[in-house]
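# Understanding the architecture of this molecule
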Amino acid sequence: LVDDIVQLFRTKVFNFFWNYFSLLTHLLLVGGAVLLCVSYHFSPKGTKLADLSGNSAENVGLALFSFGAGMEFFCVMQWLILLETTGPMVLCVLHAIKDALRMVSIYIVIFVAHFIAFRSLYKPFHLGSTNTTQNTTTYVLAKDANSFKTQRGLISNLFWRIIASAGPEMVNIKKTEDTTNNFSLEFSHLMGLVLWGLYQIIIYVLMLNLLIAVMNTSYSELWQNRKRESKYSKSFFQAKFLEPLEIFPVPFRWIYYLARAVYNSKKEKNQDPIKQDKKKYFFLVRELILNKQDAEFEKSSDDKINDLKKDIFNELRKINKLK
């Protein structure tokens, strides 16, 4: 965790996705472990976590630690980038996750808008309302629509419709005295069915297919340049180990900092060490690579033009021979 924090204040060349992911992972691990140990130490002896509330400090710490442990193992994914067979596929997975995260804001707007509409439309049937007693009301929610009686049930119902559709029975309203029809088609009751259908068309059909299309586009663009992208990510990952402190693994980094402090205290004040600007170095390497690619592209374009000229010249010679 300390090393991740130190990395944030160093040169920005190596600060990319995995640096922030590692920082978040170690924050969850350390925070969860500290909260779990401290709270469990002050709890009565013989206390079982299963007997405690889900909001207790012990269970909250355990949940944070569990997420951190899973994310820590997920970091193994960055080592698969070094392999030529799995490197491009790992990059495709990461790009797909980023595309999904970019669409979260759109999902939130659609979700909140329909939540407000359903909340207002089905408010007479919510628990606590004066019209929810089965014996006195003329209209009640169908058996499968009982989740719309509470705010928690409504949120859960709308959320899981993102990945799975459901039938109209989830929002049906029926008349208590009508035993032949399972649901009412009166105007306000019909509008609930219409709103339910529109929500599922937008959130499940349109948005899900749009997300798939965006992922396919990113996958196609990345797969066309898979070798170059894989080599770039591989080089970017390996460049992290060029720093002198990478000689020691994370638990022993204090040895490097101790040796550096001793060196700085012992060296002469007038000595001016030669420092290499690594950020400028990598930007220069990048410019050289881009210039090399542009030169190869121009050369290939010239070759195509020359081949076209030769083909035209050969065709003209054939025509002249026929004459």
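Reading the values: the criteria
Residues numbered from 1 in each chain as written. Predicted model: local features only at pLDDT ≥ 70, side-chain atom pairs only at ≥ 80, totals over all residues. Heavy atoms only, no water. Helix = DSSP H or I, 4+ residues; strand = E, 2+ residues; numbered from the N terminus. Buried < 20%, exposed > 50% of the residue type's maximum accessible area, 1.4 Å probe, protein only. Contact = heavy atoms within 4.5 Å. Areas by Shrake-Rupley, 256 points an atom, 1.4 Å probe, with all protein chains shown as cover. Phe/Tyr/Trp six-rings, centres within 6.5 Å; stacked < 30°, edge-to-face > 60°. pLDDT = per-residue confidence, 0-100. Salt bridge = Lys/Arg side-chain N within 4 Å of Asp/Glu carboxyl O. Expected span 1.5 Å × (residues − 1).

Before going further, it helps to spend a moment on the overall build of the protein chain. In terms of helices and strands, the protein chain carries 11 helices and two strands. Sequence-ordered secondary structure for the protein chain, helices as α and strands as β, is α-α-α-α-α-α-β-α-β-α-α-α-α. Relative to its 323 residues, the protein chain shows a buried fraction of 27%. For the protein chain, the share of sequence-separated contacts (at least 6 apart) that also reach a separation of at least 24 residues comes to 68%. Of the roughly 23,000 Å² of accessible surface on the protein chain, a fraction of 64% belongs to carbon and sulfur atoms.

Counted under the stated rule, the structure contains six aromatic pairs. An angle of 80° between the planes, with centres 5.0 Å apart, marks the rings of Phe-159 and Trp-160 as edge-to-face. Given a relative accessible area of 42%, Phe-159 falls into the partly exposed group. Taking relative accessible area as the criterion, Trp-160 reaches 45% and is therefore assigned partly exposed.

So, on to the confidence of the model for the protein chain. With 82% of its residues at a pLDDT of at least 70, the protein chain reaches an overall mean of 78. Low pLDDT, under 50, characterises residues 130-135; the predicted model gives this stretch nine contacts beyond four residues in sequence or across chains.

A full pass over the atoms with the stated rule returns one salt bridge. Here Asp-99 ties to Arg-102 by a salt bridge, and the two come within 2.0 Å at their closest N and O atoms. Of the two residues, Asp-99 and Arg-102 are both situated in helix α5 (residues 87-102); the distance of three residues between them amounts to about one turn of the helix. Using a relative accessible area of 1% as the deciding quantity, one classes Asp-99 as buried.

Next up on the list: helix α3 (residues 57-74). End to end, α3 covers 26 Å across 18 residues, agreeing with the expected 26 Å (1.5 Å per residue, within 8%). All of the buried residues in α3 are Glu-58, Asn-59, Gly-61, Gly-68 and Met-71. Contacts from the buried residues of α3 go to α2 (17-42).

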